[in-house]
Structures are given as C-alpha cells and as structure tokens.
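A closer look at the structure
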Amino acid sequence: MKTTTPKALRLALLLGLPALAAPAFAEDAPAPAPALTSNVGIVSEYVFRGIRQTWGNPALQGGVDYAHASGFYAGAWLSNTSGNLYANANIEVDLYGGYRGAVDDFSYDVGVLQFLFPGANYDKITPAGSYASKRYNSTELYLSGTWKWLNVKYSRAMTDVGYFGFNDNNAGFGAFPGKPGAGVTGSDTSGSWYIEANATYEFLPGWTGMLHAGRQTITHSTGLSYSDYKAGVTKTMDGGWVLGLAYTATVGTDYWKNYPSVAGNGTTKDMGAGTWIASVNRTF
C-alpha cells in the first residue's frame with residue numbers, strides 16, 4: 001500500500017545566484033519538472049505498516065503520477081499481493097489525489113487514498129461462506145507535514161470498511177489463533193487511524209538513510225492495535241536506478257502469529273515478524 005503519495009521525503013533546495021559575466025539565455029534555464037511521471041520497482045517482500053502482504057514472496061510494483069503546477073496531484077499505484085492474506089486477491093490498486101504546498105522549509109500534503117483489492121471478499125475465505133460478504137477496499141484521508149529531513153503523517157479510515165474490512169463478523173474474538181482474546185468489539189472499525197514519523201538524510205553523495213516509526217490504532221477493538229518500525233538505506237545508481245535495503249519490525253502483533261492462509265491451503269505465517277526487504281526501483 002502506498003503509504004504516502006511520494007514514498008520518500010523530498011529535500012528541495014532552491015539556489016538563486018546572479019549572473020556574473022555572461023547574460024542568461026533561455027536555453028540555460030533549468031527544464032521544468034515533468035507533469036507526468038511513472039515508477040517501477042521490485043521488492044523481496046511487500047510489507048505495509050509492518051504487516052507482510054505477499055506471504056514471504058517478492059512483489060512487482062509500479063505506478064503513475066500527475067502533478068499540476070498549482071500543487072494538485074493525482075496518481076495510481078499497484079502491487080501483487082497474496083490470496084493467503086486477502087481472500088481471492090492477487091493484486092492491490094491504490095488511487096490517490098490531493099494538494100501539496102510549501103512555506104520556506106516546511107511543506108505540507110493533504111489528500112485521499114483509496115485501497116482496492118479487485119475480486120477480494122471475506123465471503124471467499126475457505127471454506128466459502130464462512131463469513132458474511134465484506135470487501136477489503138478502504139478509503140483514507142491523510143495529512144502530512146515535512147520540515148527539512150523530518151516528516152509526520154496522519155491517516156484516517158473514512159468508511160465503515162475501516163481497517164481493511166475488519167468487523168465483528170470476520171475479526172471478532174477467537175478469529176486470530178495467535179491471540180484468541182483479541183478482536184473487534186464494535187460492529188466495524190471505521191475511524192481507525194495511523195500516525196507515523198519518518199526521517200531521511202543523505203549522509204554521503206547518493207547514499208540516504210531512513211528511519212520510520214508508526215502506530216496503527218484499530219478502533220472498536222481489543223488487542224489489535226500495534227506499532228511498527230523500520231530502518232534502511234538507499235543508494236542511487238547511474239541511470240536513475242535506486243537500490244535499497246531495510247529492516248522492518250512490529251510490536252503488539254501477537255494476533256498475527258501463526259496466521260492461517262485464508263485460501264485454505266494449510267500454510268501459516270507470522271505476518272508481523274521482523275523482515276529484511278531488498279528493493280530496486282526507478283522513476284521515469
């Protein structure tokens with residue numbers, strides 16, 4: 001899931017110097033940033049907010065973004081996912097749009113993000129009909145602020161789908177083998193929210209370090225909220241390719257341990273286990 005419209009924090013530095021000898025010509029002006037960009041990447045495992053999305057397998061990811069000079073933007077991003085976690089799903093599509101602005105060293109971003117899992121539904125969990133019909137699709141509003149190298153972002157689920165369809169029917173007490181005493185206490189998890197802090201710093205030319213900490217609060221529930229952490233480094237290569245390596249871990253995700261495949265194939269996975277993630281991506 002696309003955690004922000006741009007996943008990396010941007011350190012924009014504008015430097016204006018007067019001409020000293022020769023006059024400035026039109027061809028000397030920097031080219032404007034492209035309005036339409038695309039991106040593609042491969043990760044050794046897709047992990048979103050500390051939870052493993054591809055059952056330990058790699059993921060191919062990509063997207064397209066449009067940015068208007070006024071600050072408004074829109075985009076789409078997709079990744080393969082696992083039918084072991086999302087019943088009858090093999091792809092996730094994120095659609096988003098919003099507005100970005102800046103005042104001196106501070107920038108802000110406000111928008112809406114729609115998570116879509118085509119064909120996925122809780123009533124597809126094996127054996128079929130075990131749970132009532134409920135889609136995983138979720139809508140979040142987000143507000144983000146960045147000062148130089150530090151970013152803080154708040155995201156809130158805005159529909160009764162709440163936290164990816166969790167409700168008292170499919171995520172009630174006893175639904176999680178790793179922690180039977182955890183579950184949804186209300187009818188749904190609308191209003192669930194996630195807050196995160198991110199820091200990025202280029203410590204050598206082309207080398208950038210990053211730190212992340214987040215807290216997922218699942219409303220109307222007991223024992224389901226958790227925290228996640230990540231630390232990593234990226235290296236920009238010739239040709240614009242970026243290599244990355246990061247380690248992500250969670251605290252409070254006991255209910256995700258020994259999680260059985262919803263496809264009914266007999267496999268289990270610790271969905272919140274600490275995980276190394278290798279990546280390669282490029283923006284065009």
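Residues numbered from 1 in each chain as written. Predicted model: local features only at pLDDT ≥ 70, side-chain atom pairs only at ≥ 80, totals over all residues. Heavy atoms only, no water.

Observations regarding empty space enclosed by the protein
Using a probe with the size of a water molecule, rolled over the atoms, empty space left in the structure can be pinpointed. By the definition in use, this model includes one cavity of 30 Å³ or more. One number sums up the size of the largest cavity: a volume of about 40 Å³. Residue lining of the largest cavity: Arg 49, Ser 138, Glu 140, Ala 157, Gly 162, Tyr 163, Phe 164, Ser 192 and Gln 216, and that is the complete set. For the lining of the largest cavity, a count of residues per class yields three nonpolar, four polar and two charged. (1 Å grid on protein atoms, 1.4 Å probe; cavity = no way out; pocket = protein on both sides within 12 Å on 5 of 7 lines; lining within 4 Å. Points joined across faces, edges and corners; volume = space filled by probe spheres on them. Nonpolar A, V, L, I, M, F, W, Y, C, P; charged D, E, K, R; others polar.)

What about the environment of Ala 128?
You can see Ala 128 is positioned in the loop between β7 (106-116) and β8 (138-147). Here Ala 128 falls in the exposed class, since its relative accessible area comes to 70%. (Helix = DSSP H or I, 4+ residues; strand = E, 2+ residues; numbered from the N terminus. Buried < 20%, exposed > 50% of the residue type's maximum accessible area, 1.4 Å probe, protein only.)

Points about a nonpolar patch on the surface
On the surface, Phe 106, Trp 147, Trp 149, Leu 150, Val 152, Tyr 154, Ile 195, Tyr 201, Phe 203, Leu 204 and Trp 207 cluster together into a nonpolar patch covering about 1,000 Å² of accessible area. Looking at the nonpolar patch, the elements that each hand over two or more residues are β9 (150-157) and β11 (193-204). The element best represented in the nonpolar patch is β11, accounting for four residues. Within the element layout of this structure, Tyr 154 appears in strand β9. Judged by relative accessible area, Tyr 154 falls into the partly exposed class, the value being 30%. (Patch = residues over 30% accessible without salt bridge, like charges linked within 9 Å, V, L, I, M, F, W, Y side chains within 5 Å. Areas by Shrake-Rupley, 256 points an atom, 1.4 Å probe, with all protein chains shown as cover. Salt bridge = Lys/Arg side-chain N within 4 Å of Asp/Glu carboxyl O.)

Quick look at the side chain of Glu 196
Mapped onto the elements, Glu 196 comes out in strand β11. It is Lys 153 that comes nearest to the buried, bridge-free Glu 196 among opposite-charge side chains, at 4.5 Å. Within the structure, the side chain of Glu 196 is placed 3.1 Å from the side chain of Asn 198, a separation counted as a polar contact. (Lys, Arg positive; Asp, Glu negative; His and termini not counted. Polar contact = N/O pair within 3.5 Å; in protein donor to acceptor, adjacent residues only side chain to side chain.)

Comments concerning the side chain of Thr 248
Counting through the fold element by element, Thr 248 comes out in strand β15 (residues 242-251). Thr 248 sits in the buried class, given a relative accessible area of 4%. Separated by 3.3 Å, the side chain of Thr 248 and the backbone oxygen of Tyr 229 make a polar contact. In this view, Thr 248 contacts Val 47, Gly 50, Tyr 229, Lys 230, Ala 273, Gly 274, Thr 275 and Ile 277; residues no more than four positions away in its chain are not counted. (Contact = heavy atoms within 4.5 Å.)

Things to note about the layout of surface pockets
Taken as a whole, the second largest pocket holds about 400 Å³ of empty space. Lining of the second largest pocket is provided by 26 residues; of these, Leu 85, Phe 176, Trp 256, Tyr 259 and Val 262 occupy positions nearest its centre. For the lining of the second largest pocket, the class distribution of residues is 21 nonpolar, four polar and one charged.

Brief notes about the pattern of salt bridges
Counted according to the given criterion, the structure contains six salt bridges. Here Lys 134 and Asp 160 are joined by a salt bridge, their closest N and O atoms 3.8 Å apart. Of this pair, Lys 134 sits in the loop between β7 and β8 while Asp 160 sits in the loop between β9 and β10 (183-184), and the two are 26 residues apart along the sequence.

So, the packing of aromatic side chains
Tallying each qualifying case throughout the model produces 24 aromatic pairs. Ring centres of Phe 117 and Tyr 136 lie 6.3 Å apart, and the angle between their planes is 65°; on these two criteria the pair is classed as edge-to-face. Of this pair, Phe 117 sits in the loop between β7 and β8 while Tyr 136 sits in the loop between β7 and β8; the two residues are 19 residues apart in sequence, bridging distant segments of the chain. Taking 6.0 Å as the distance between ring centres and 75° as the angle between the ring planes, the aromatic pair formed by Phe 176 and Trp 256 counts as edge-to-face. Here Phe 176 is found in the loop between β9 and β10, whereas its partner Trp 256 is found in the loop between β15 and β16 (259-260), with 80 residues between them in sequence. Of the residues examined, Trp 256 reaches a relative accessible area of 4% and is grouped as buried. Over the ring of Tyr 73 we find Arg 100; its NZ or CZ atom is 3.9 Å from the centre of that ring. A cation sits over an aromatic face here: Lys 153 above Tyr 142, 4.7 Å from the ring centre. (Phe/Tyr/Trp six-rings, centres within 6.5 Å; stacked < 30°, edge-to-face > 60°. Lys NZ or Arg CZ within 6 Å of the ring centre and 35° of its normal.)

A look at the sheet that holds β15
The strands making up a sheet are joined through hydrogen bonds of the backbone, oriented either antiparallel or parallel. Here we have 12 strands rolled up into a closed barrel, ordered β1-β4-β5-β6-β7-β8-β9-β11-β12-β14-β15-β18, and antiparallel in their pairing. The mean angle between the axes of side-by-side strands here comes to 20°, regardless of whether they run parallel or antiparallel. (Pairing = 2+ DSSP bridges. Axes fitted to C-alpha atoms, helices over the stretch in contact; angles between N-to-C directions.)

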